[in-house]
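Overview (structure and organization)
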Amino acid sequence: MSKVIIVTGAANSIGRTTCRQLMQAGHTVYVSSREMSGPIAQGIEETGSTSGQPGSDLRTIEFDLSSESSVTSAVETIIAENSRLDVVVHNARQVVYGPAEAFTPEQLAELYDTNVLIAQRLNRAALPQLRKQGQGLLSSSARGSSVPFLGACASTEAALDSLALSYAGELARWGVETTIIVPSALGPGHYVRSGRPQDTVRAEEYADGPTADVSEIALAGLAQLSPKDTAPQDVASTVANVVNMPFGQRPLKVHFGPDDDGAAAVDAVADRARTELFGRIGLEDLLKPVLIR
């Protein structure tokens, strides 16, 4: 069944590939016009137009993810055009690298806004419709453990992961599913190209002090564990596969690739603890979404 989907972070490689995959499956995909320049949008549209699937469509819509009113207005427009909204894919993400102390509070607040609060704004705008329909899907991505100098970024990912897990339980009786996509450990190139701390003096103290070799060792170790970055195609295919699954068969978490950073191992323990806790407090039914007609 063709679905109406909104994707954030469509301008990055994973976002663009995800849009293409979803369009090839015959879905209608909405993205922010701010994220889609002409050549990028044209490339995705051409992929969708040759997919052979009826209903496949890319639609850009003006909205600012940093503004709650702008996001709410965009979602209202999408619902007005389609009488529904089925899937929200959270892909907007900023990666930073450096000693946690060197990130100013203002810089960290900006990072949390991009990696966490953007998702919350969109959820608040979309969920009333998904709950009204009695069926829908929220999809986001998260990471596992963190090596030194990735603490600032990992803390936002942990926050988004916790938020998504809370939504999973709170929305189960509303018929809204949650899936968290967890790729394998990223290669060092992913972090080399990332943002850096604004307090360069503090950062230099770490670079010149007893931690001078930490970054080199960490990146070299990551290079051995993950010789190449996770391909955008792999992430996009995973997202598309989850979207195309029948209701009730979508997993809460999807891990793919080697578990080099221990994310799958840690999540397995956490999932058992969550299941046991819900059973002890009499809310085990919240572990699985219920289809509402």
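Okay, so let's go over this structure. Predicted model only: the values in this text are computed from it and were never measured.

With that settled, consider helix H10 (residues 263-280). Under the 1.5 Å per step criterion, the end-to-end length of H10 is 26 Å for 18 residues, consistent within 8% with the ideal 26 Å. Residues of H10 that are buried include every one of Ala-263, Asp-267, Arg-274 and Phe-278, and no others. Projected down its long axis, H10 carries its buried residues within an arc of 30°, all on one side. Opposite the buried face of H10, by more than 90 degrees, sit the exposed residues Arg-272, Glu-276 and Arg-280. Residues of H10 that are buried make contact with helix H5 (151-171), strand S6 (176-182) and strand S7 (253-255). Following H10 by one or two positions, Gly-282 adopts a phi angle in the positive range, close to 80°.

Let us look at the nonpolar core. Core analysis: the biggest nonpolar cluster contains 24 residues, and Ile-6, Leu-85 and Leu-138 have the highest contact counts within it. Broken down by secondary-structure element, the contributors of at least two residues to this core are strand S1 (4-7), helix H3 (68-82), helix H4 (105-133) and H5. It is H4 that provides the largest number of residues to this core, a total of six residues. The next biggest cluster of nonpolar side chains, apart from the first, holds 20 residues, and it includes Ile-5, Val-31, Val-87 and Val-243.

So, about the sheet that holds S1. Taken together, seven strands build an open sheet; the order of strands is S3-S2-S1-S4-S5-S6-S7 and the sheet is parallel. Taken across any chain shown, the strands that pair with only one partner, and hence form the sheet edges, are strand S3 (57-61) and S7. Between one strand axis and the next, the sheet turns by 20° as a mean value, whatever way the strands run. When S6 meets S7, the two strands line up parallel, connected through three bridges. In the strand pairing of S7, Val-182 is matched with His-255. Across the sheet, H5 touches strand S5 (136-141), S6 and S7, and the angle it forms with S6 is around 155°. Its contacts with the sheet put helix H9 (residues 232-244) on S1, strand S4 (87-89), S5, S6 and S7, and the angle it makes with S6 is roughly 160°.

Per the stated rule, a full pass over the model turns up eleven salt bridges. Across the pair Glu-68 and Arg-124 runs a salt bridge whose closest N-O atoms are separated by 3.2 Å. With Glu-68 in helix H3 and Arg-124 in helix H4, this pair connects stretches of sequence that are 56 residues apart. Judged by its relative accessible area of 39%, Glu-68 falls in the partly exposed class. The class of Arg-124 is exposed, set by a relative accessible area of 53%. What you see here is one network of salt bridges that share partners, running through Asp-57, Arg-59 and Glu-81.

Between H3 and H4, the least distance of the axes is 9 Å, while the angle of their chain directions is 30°. Between H3 and H4, the interaxial angle falls into the category roughly parallel. Seen from above, H3 lies across H4 with right-handed handedness. On H4, the residues that touch Glu-68, Val-71, Thr-72, Val-75 and Ile-79 of H3 are Arg-121, Leu-122, Arg-124, Ala-125, Ala-126 and Gln-129.

What counts, and at which threshold
- Residues numbered from 1 in each chain as written.
- Predicted model: local features only at pLDDT ≥ 70, side-chain atom pairs only at ≥ 80, totals over all residues.
- Heavy atoms only, no water.
- Helix = DSSP H or I, 4+ residues; strand = E, 2+ residues; numbered from the N terminus.
- Expected span 1.5 Å × (residues − 1).
- Buried < 20%, exposed > 50% of the residue type's maximum accessible area, 1.4 Å probe, protein only.
- Arc of directions from axis to C-beta.
- Contact = heavy atoms within 4.5 Å.
- Core = buried A, V, L, I, M, F, W, Y, C linked by side-chain atoms within 4.5 Å.
- Pairing = 2+ DSSP bridges.
- Axes fitted to C-alpha atoms, helices over the stretch in contact; angles between N-to-C directions.
- Salt bridge = Lys/Arg side-chain N within 4 Å of Asp/Glu carboxyl O.
- Parallel < 35°, antiparallel > 145°, perpendicular 65-115°, else oblique.
- Left-handed = near helix turned anticlockwise from the far one by under 90°.

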